[in-house]
Amino acid sequence: MTTVHTIAAVRDALREPRRQGRVIGLVPTMGALHDGHLALVRQARAECDEVVVSLFVNPTQFNDASDLDRYPRTEERDAQLASEAGANLLFAPPAHEIYPPGFSTSVQIAGPLTESLEGANRGPAHFHGVTTVVTKLFNIVQPDVAYFGRKDAQQGLVIRKLVRDLDLPVRIVLCPTVREPDGLAMSSRNVHLSDGDRRRALGLRRALDAAEATVAGGARSADAISRAARAALAECSIEPEYLAIVDPQTLASVAAVDRDVLVAVAADVGGTRLIDNTLIAANNGRTG
Ligand code: AMP
């Protein structure tokens, strides 16, 4: 695996594979790689000829300066892990390579997809930052396929809409959430959790389990599901930023589980912001 830091070097590295018609897969990440990221890299390895991993802590998608400052940065270790998982090229640009002096363009998707849930709680700039940097990464790498995780379910919808609205020639693949053995969704931010908060953080998964169990038990009203999920959070002394039961495509609130629903939760656990979600099928089963 080769590590490059400039856009010119990415283009150089991919010129020949592209000329040969090799299928290029991109896995965009902010680094501090864990098994969730590596599952995306492995899937890209299985489906593509060239696997590019980008590693960029994108400042414009952080609404909280201290969250950005303390975001873990482990580039050397990331390079080792990405290589072992099958990446051919690691693109780890400095901020000024992506946002040179005078940079003033923003790619923004308007409407509920970016304004609800994460958009409502982190502010509209969050998804503007995501869609701007992902557009740039797509233009830099020009992948045939790009891989994202379902842990960031709303982000996946936003990226799919970006690709549709701007006719970007890339196929988006969404991969299942990878969890710790006890159920906590893997996240680069989990390293910040104290032992006590690590135990409390399980409340997010327990809330989703409670939602699923409530539907499996025959309840269909969103209120009943929400009450059960909130009770599980309260048992772990977690006050959610949001606990939402929504349409998995539009993110509009639903009153009843008469079709598949997405249950999404975000919470601050001891100063660390965590998110998780699950897709519940109307026919009782958990589907993701
Ligand atoms: P991040 O570095 O947090 O921006 O994540 C980079 C990509 O990895 C995004 O597409 C995330 O959705 C995905 N990802 C992060 N955590 C997980 C996880 N636990 N399981 C699956 N995908 C994940």
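Please read all numbers here as calculations on a predicted model, not as lab measurements.

Caption draft 1: View of the overall build of the protein. Secondary structure summary: the protein contains eleven helices and nine strands in total. The C-alpha atoms of the protein give 19 Å as radius of gyration, which agrees with the globular expectation for 288 residues (19 Å, within 12%). Principal axes of the C-alpha set define a box for the protein whose edges measure 55 × 40 × 40 Å. Looking at the protein as a whole, 55% of its 288 residues are labelled buried. Within the protein, residue pairs in contact and separated by at least 24 positions form 72% of the contacts whose partners lie at least 6 positions apart. When the accessible surface of the protein is totalled, it reaches about 12,800 Å², and 50% of it is carbon and sulfur.

Caption draft 2: Representation of the site of the ligand within the structure. Taken together, 17 residues lie around the ligand, and M30, H37, D152, V178 and M186 are the ones closest in. Note that an oxygen atom of the ligand is positioned 2.9 Å from one of the side-chain N or O atoms of H37. Measuring from a nitrogen atom of the ligand, one finds a backbone N or O atom of M186 at 2.9 Å. Here the ligand loses 93% of its free accessible area of 490 Å² to cover by the protein chains. Mapped onto the shell around the ligand, the elements with two or more residues apiece are β2 (24-29), α2 (35-47) and β5 (145-149).

Caption draft 3: Just the pairing of strand β7 (residues 240-246), in detail. Extensive coverage of β7 is indicated by the burial of six of its seven residues. Across six bridges, the pairing between β7 and strand β8 (residues 261-269) is antiparallel. What sits directly across from A244, in β8, is A264.

Caption draft 4: Summary view of the pattern of salt bridges. All told, the structure shown has 14 salt bridges when counted by the stated rule. Among the ionic pairs, K161 bridges to D165, the shortest N-O distance being 2.9 Å. Placement of both K161 and D165 in helix α9 (residues 153-165) is noted, with a separation of four residues, approximately one turn of the helix. Using a relative accessible area of 22% as the deciding quantity, one classes K161 as partly exposed. The residue E241 makes a salt bridge to R273 at a minimum N-O spacing of 2.9 Å. Note that E241 is positioned in strand β7 and R273 in strand β9 (residues 272-280), a separation of 32 residues in sequence. Judged by its relative accessible area of 33%, E241 falls in the partly exposed class. Among the charged side chains, a salt-bridge network with shared partners connects E118, E241 and R273.

Caption draft 5: Main features of the side chain of D78. Looking at the element boundaries, D78 is found in helix α4 (residues 75-84). Salt bridges are absent for the buried D78, whose nearest opposite-charge side chain, R77, sits at 4.5 Å. When sequence neighbours within four positions are dropped, the list of residues in contact with D78 reads G31, A32, L33 and L55.

Caption draft 6: Highlighting the sheet that holds β5. A sheet is described by the order of its strands in space; here six strands give the open sequence β1-β4-β3-β2-β5-β6, paired in parallel fashion. Each of the sheet's edge strands pairs with one partner strand only, and the pair in question is β1 (2-4) and β6 (171-175). On average, each strand axis in the sheet is inclined to that of its neighbour by 25°, with strand direction left out of account. Sheet analysis places β2 next to β5, joined by two bridges and oriented parallel. Bridged to L26 within β5 is A146. Running over the sheet, helix α1 (residues 7-19) touches β1, β2, β3 (50-55) and β4 (89-91) and is turned about 155° from β4.

Caption draft 7: Up close: the nonpolar core. Core analysis: the biggest nonpolar cluster contains 44 residues, and V10, F91, V134, F138, V141, F148 and I172 have the highest contact counts within it. Non-local contacts of F91, meaning those with residues more than four positions away in its chain, are made with V4, H5, T6, I7, V10, V53, S54, L55, I98, L137 and I140. Counting residues in hydrophobic clusters, the runner-up holds 28 residues, among them L184, L193, V263 and V265.

Caption draft 8: Highlighting the sheet that holds β7. On the basis of which strands lie adjacent, the open sheet formed by three strands has the order β7-β8-β9 and antiparallel pairing. Each of the sheet's edge strands pairs with one partner strand only, and the pair in question is β7 and β9. Strand after strand, the sheet turns through a mean of 10° between neighbouring axes, direction not considered. Relative to β9, β8 runs antiparallel, the two being bridged by nine bridges. The residue of β9 that forms the bridge with V269 is T272.

About the cut-offs
Residues numbered from 1 in each chain as written. Predicted model: local features only at pLDDT ≥ 70, side-chain atom pairs only at ≥ 80, totals over all residues. Heavy atoms only, no water. Helix = DSSP H or I, 4+ residues; strand = E, 2+ residues; numbered from the N terminus. Rg over C-alpha atoms; globule rule 2.2 N^0.38 Å. Buried < 20%, exposed > 50% of the residue type's maximum accessible area, 1.4 Å probe, protein only. Contact = heavy atoms within 4.5 Å. Areas by Shrake-Rupley, 256 points an atom, 1.4 Å probe, with all protein chains shown as cover. Near = heavy atom within 4 Å. Polar contact = N/O pair within 3.5 Å; in protein donor to acceptor, adjacent residues only side chain to side chain. Pairing = 2+ DSSP bridges. Salt bridge = Lys/Arg side-chain N within 4 Å of Asp/Glu carboxyl O. Lys, Arg positive; Asp, Glu negative; His and termini not counted. Axes fitted to C-alpha atoms, helices over the stretch in contact; angles between N-to-C directions. Core = buried A, V, L, I, M, F, W, Y, C linked by side-chain atoms within 4.5 Å.

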